[in-house]
Amino acid sequence: MHHAIVNAKTHKHLVSVLFLDLDKFKNINDTLGHDIGDLLLIEVGKRVQALCSPNDTVCRLGGDEFLIILEDLTHYEKAITVAKEIIASLSKPFYLENKIISTSTSIGITYYPNDGDNIKVLLKNADIAMYRSKARGAGSYEIYTQELSDLIKEMVKLEERLKKAIERNEFLMHYQPIYDLHKQEVIGFEALMRWNYKGTLYYPDSFLHVMEENKMIIEASSALLVSIFSFIKKLNDTFQKEFFISVNVSPVQFGVDSFHDNLIEALEISALEAKYVCLEVTENLFLENIQEISTKLARLQSYGFSIALDDFGTGYSSLKYLKVLPINKLKLDRIFVQELPHSKNDVAITQSVLALGQNFNVQVIVEGVETKEQCTFLEENGCQFIQGYLISKPMSEENVLSFLTKEAEKTL
Ligand code: C2E
Ligand code: CA
Ligand code: CA
């Protein structure tokens, strides 16, 4: 690399450094063994080498990381072309010892002299770009920019703050009512996470992605379960009701074996029965191993929990999931509700999902209901359960208590 930089300086050329990292290589090692892993690395090296010219350098840094140094470049596009070719080539299956193995790679790209004038900086920046391309999904490349570097620094800062937030119990829950239009009363609540950082409440959109990426969500959520369940128990005792609580569960939580035990333990501590707890999952959970997930869901269900499919309509919305998975409720995403009853498409979608619920014998909860007009339309179309600002925004525990007290007074 030193040689390449000196050369480029003299001839006023560019050097590009490509940082490659195989996606999910650990899985291959773990499931097929290190011997297959080693063979795969050798084959990857060969494929990459075949796409570079004799003047370029291909090396393995360690683990599943490779580095390519492209010398004597006269234009930037060349490195991008090479990156695309490598991604395409490595995404084709490998045949090793009678096994078909598929992998892919993420690539970060930097240039000398634009992104750094020494080896250390160029490598660091290529790594940053690679990290970013991984975050966007397997099999992609990313070119280093200063903004990217700032973004990563912000992420790291946020990550450190969030780690402290767990230690300091800065997370809490707000509760949003779920309303039964037939009974004309609140029947349950959804627990929504908030972060109290230096007196300001932060919403999940600003921190949840980081917590999921580094799996902090597992610890943060399980720490909150007891307080959520105890709160609902208290509401039911105080108001002589049978409110249920809906809890969002992210796929990372579902993946750990302790999840089930955490739930049961929290129920015991708070003396709440499982039938008052609904677990909200999203479709990306099913992309993993649908058979395994189905078994886990069924086990939870037989314990008494109910299962809701959240954000329905925004993902695959595959009818297969409704058929093969034990699901009790569908939550229709609020993007279909915003323009009701004026958008023809949204009307059609909402009516179809309501009918779907009826035919599959699954409750449909419509989210994000903000206006009386939307509510009337839904009511006329046979919708029974709604959630949204029309009933109430998510509230602190204290505000839920006064909300329910007022409701109780109204009915007297
Ligand atoms: P979600 O599960 O779809 O939750 C509903 C979101 O819609 C909440 O946003 C809620 O405040 C908002 N909302 C409710 N009614 C209305 C309405 O009428 N109009 C509008 N515009 N918005 C409404 P929030 O609290 O910011 O949560 C965002 C997302 O973060 C949630 O979406 C959920 O996916 C995730 N999340 C929240 N708490 C947790 C948690 O404890 N664990 C996990 N894994 N995810 C959580
Ligand atoms: Ca939800
Ligand atoms: Ca939702």
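Caption draft 1: Local environment of the packing of helix α6 (residues 146-167) against helix α8 (residues 216-239). Remark: α6 packs on α8, axes separated minimally by 10 Å, with the N-to-C direction vectors making an angle of 25°. Here α6 is positioned roughly parallel relative to α8, judged by the angle of their axes. Both α6 and α8 take part in a crossing whose hand is left-handed. Taken together, the residues of α8 that come into contact with α6 (itself represented by Glu 159, Leu 162, Lys 163 and Ile 166) are Met 216, Glu 219 and Ala 220. Here the contact of α6 with α8 is built from residues that sort into four nonpolar, no polar and three charged.

Caption draft 2: Inspection of the coordination of the calcium ion (ligand 3) at higher detail. Taken together, the protein ligands of the calcium ion (ligand 3) are Asp 310 (OD), Asp 311 (OD), Glu 367 (OE) and Glu 367 (OE), with distances of 2.2 to 2.6 Å. Mapped onto the sequence, the donors of the calcium ion (ligand 3) take the spacing D-D-x55-E. A distance of 3.9 Å spans the gap from the calcium ion (ligand 3) to the calcium ion (ligand 2), which Asp 310 bridges by coordinating each metal. For Asp 311, a relative accessible area of 28% translates into the label partly exposed.

Caption draft 3: Here's a closer look at the sheet that holds strand β2 (residues 57-62). Taken together, the five strands give an open sheet; going across it, the order is β2-β3-β1-β6-β7, and neighbouring strands pair in mixed fashion. Only two strands of the sheet have a single partner each, and these edge strands are β2 and β7 (141-143). Averaged over neighbouring strand pairs, the angle between their axes works out to 20° when direction is ignored. Inspection of the sheet shows strand β6 (residues 105-112) paired to β7 by three bridges, in the parallel sense. Bridge pairing links Gly 108 to Glu 142 in β7. Contacts from helix α5 (residues 119-136) reach β1 (14-22), β3 (65-73), β6 and β7, with the element oriented near 145° to β6.

Caption draft 4: Quick look at the packing of α8 against helix α10 (residues 258-270). Running from amino to carboxyl end, α8 crosses α10 at an angle of 40°, the nearest separation of the two axes being 9 Å. One element, α8, and the other, α10, form an angle in the oblique class. Where α8 crosses over α10, the handedness of that crossing is right-handed. Here α8 contributes Ser 222, Leu 225, Val 226, Phe 229, Ser 230 and Lys 233 to the contact with α10, which in turn contributes Asn 262, Leu 263, Ala 266, Leu 267, Ile 269 and Ser 270. Looking at the contact of α8 with α10, its residues break down into seven nonpolar, four polar and one charged.

Caption draft 5: Region of interest: the coordination of the calcium ion (ligand 2). Note on the calcium ion (ligand 2): its protein donors are Glu 190 (OE), Asn 248 (OD1), Glu 280 (OE) and Asp 310 (OD). The metal-donor distances range over 2.1 to 2.3 Å. Taken in sequence order, the residues that donate to the calcium ion (ligand 2) follow the motif E-x57-N-x31-E-x29-D.

Caption draft 6: Just the packing of aromatic side chains, in detail. Inspection of the entire model under this criterion finds 11 aromatic pairs. For the pair Phe 171 and Trp 195, a centre-to-centre distance of 6.2 Å together with 35° between the ring planes defines the contact as tilted. Here Phe 171, found in strand β8 (residues 171-180), pairs with Trp 195, found in strand β9 (residues 185-197); they are 24 residues apart in sequence, far enough to count as distant. Judged on exposure class, the residue Phe 171 and its partner Trp 195 are both buried. Seen from their ring centres, Phe 171 and Phe 207 are 5.8 Å apart, and the 45° between their planes marks the pair as tilted.

Caption draft 7: Representation of the site of ligand 1 within the structure. Met 193, Arg 194, Arg 334, Glu 370 and Tyr 389 are the nearest of the 22 residues found near ligand 1. Here an oxygen atom of ligand 1 and a side-chain polar atom of Asp 310 are 3.0 Å apart. Secondary-structure elements contributing two or more residues to the shell around ligand 1 are β8, β9 and β13 (306-312). Ranked by residue count, the leading element in the shell around ligand 1 is β9, at four residues. Residues that form the shell around ligand 1 fall into these classes: nine nonpolar, six polar and seven charged.

Parameters at a glance
Residues numbered from 1 in each chain as written. Chains lettered and ligands numbered in written order. Predicted model: local features only at pLDDT ≥ 70, side-chain atom pairs only at ≥ 80, totals over all residues. Heavy atoms only, no water. Axes fitted to C-alpha atoms, helices over the stretch in contact; angles between N-to-C directions. Helix = DSSP H or I, 4+ residues; strand = E, 2+ residues; numbered from the N terminus. Parallel < 35°, antiparallel > 145°, perpendicular 65-115°, else oblique. Left-handed = near helix turned anticlockwise from the far one by under 90°. Contact = heavy atoms within 4.5 Å. Nonpolar A, V, L, I, M, F, W, Y, C, P; charged D, E, K, R; others polar. Donors = N, O, S within 2.8 Å, 3.2 Å for Na, K, Ca; no water. Buried < 20%, exposed > 50% of the residue type's maximum accessible area, 1.4 Å probe, protein only. Pairing = 2+ DSSP bridges. Phe/Tyr/Trp six-rings, centres within 6.5 Å; stacked < 30°, edge-to-face > 60°. Near = heavy atom within 4 Å. Polar contact = N/O pair within 3.5 Å; in protein donor to acceptor, adjacent residues only side chain to side chain.

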